[in-house]
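Residue-level listing of the chains:
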Amino acid sequence: MGSAAEAGKPNWTFGTGATTREKNLAYGAAVIGCAAFAAGGWDEGWSWWQWLVGLLLVWDLAGGVVANGLDTAKRFYHSPLTFHAGAVPRFLHHPVGFTAAHIQPIIAGLAFSGESWWWGPLWYGWALLGAVAVENVRERLKRPVALGITGSGVMVAPLVAAPGGMAWLPAVLLLKLIVAHCVPEGAGGGGAGVRA
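Some details on the packing of helix α2 (residues 48–69) against helix α6 (residues 104–112)
Two numbers describe how α2 lies on α6: the axes approach to 11 Å, and their chain directions differ by 160 degrees. Comparing their axes, α6 and α2 come out roughly antiparallel. Taken as a pair, α2 and α6 cross one another with a handedness that is left-handed. Here Trp 49, Gln 50, Val 53, Gly 54, Leu 57, Asp 60 and Leu 61 of α2 lie close against α6, whose contacting residues are Gln 104, Ile 107, Ala 108, Ala 111 and Phe 112. Looking at the contact of α2 with α6 residue by residue, the class counts come to 8 nonpolar, 3 polar and 1 charged.

Points about helix α9 (residues 169–181)
The sharpest bend along α9 reaches about 30 degrees and sits at Leu 175. A large share of α9 lies buried, amounting to 10 of its 13 residues. Buried residues of α9: Leu 169, Pro 170, Val 172, Leu 173, Leu 174, Lys 176, Leu 177, Ile 178, Ala 180 and His 181, and no others. Looking at the packing, one finds that the buried side of α9 touches α2, α3 (71–77), α5 (95–100), α6, α7 (119–135) and α8 (139–156).

Some words on the packing of aromatic side chains
Enumeration according to the criterion identifies 12 aromatic pairs in this entry. Summarising the aromatic geometry, the rings of Phe 37 and Trp 168 are spaced 6.3 Å apart at their centres and angled 80 degrees between planes, so their arrangement reads as edge-to-face. Separated by 131 residues along the polypeptide, Phe 37 in helix α1 (residues 20–41) and Trp 168 in the loop between α8 and α9 bring together distant segments of the chain. Classification of Trp 168 by relative accessible area gives partly exposed; the value is 24%. Between Tyr 77 and Phe 98, the ring centres sit 5.2 Å apart and the planes meet at 65 degrees, which makes this aromatic pair edge-to-face. Taken together, the positions of Tyr 77 in helix α3 and Phe 98 in helix α5 put the pair 21 residues apart, joining distant regions of the chain. For the pair Tyr 77 and Phe 98, a shared accessibility class is recorded, and that class is buried.

Rules used in this analysis
Residues numbered from 1 in each chain as written. Predicted model: local features only at pLDDT ≥ 70, side-chain atom pairs only at ≥ 80, totals over all residues. Heavy atoms only, no water. Axes fitted to C-alpha atoms, helices over the stretch in contact; angles between N-to-C directions. Helix = DSSP H or I, 4+ residues; strand = E, 2+ residues; numbered from the N terminus. Parallel < 35°, antiparallel > 145°, perpendicular 65-115°, else oblique. Left-handed = near helix turned anticlockwise from the far one by under 90°. Contact = heavy atoms within 4.5 Å. Nonpolar A, V, L, I, M, F, W, Y, C, P; charged D, E, K, R; others polar. Bend = angle between axes of the 7 residues up to and from the residue. Buried < 20%, exposed > 50% of the residue type's maximum accessible area, 1.4 Å probe, protein only. Phe/Tyr/Trp six-rings, centres within 6.5 Å; stacked < 30°, edge-to-face > 60°.

Okay, here's the thing in structure tokens:
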């Protein structure tokens, strides 16, 4: 039997039935992320378009960590679609497809790094391979594998020179895509059933 939180129109950001409070948590994380980005990038000498790109990246990634961690989003993305959808929505509904669509590190690398063109593809590939790994293990191992991939990424990130003002991106990207999105609700707890 579905809960009241599952009723309503599907939402690709929050899942189906997210409350205003839950949405505001994601918006709040996005605002805090943008403020931290602005404070950290104040002396970077960016042009207006780099500021715009950076703030959009932060809004999506920092807010997305919370949005993807909502039970409503997990139920939406880890359950069969309940409406007719074309090839693109079906691709984006799959955890690996959803991760593949997140080209933010490549955009950040192109917009901010100049010479270190490989930085963006490195973290894009890390996230994509992480999503494939989590998708292909038993359910009880999904959370520990996701945490291992994210934790190792956080440890490696300081060893790889990041574009100015972008050192935060690998950790937040992996939290959003691997820990928050790829792990279904209840994974590792003996089942993914809806809470009573």
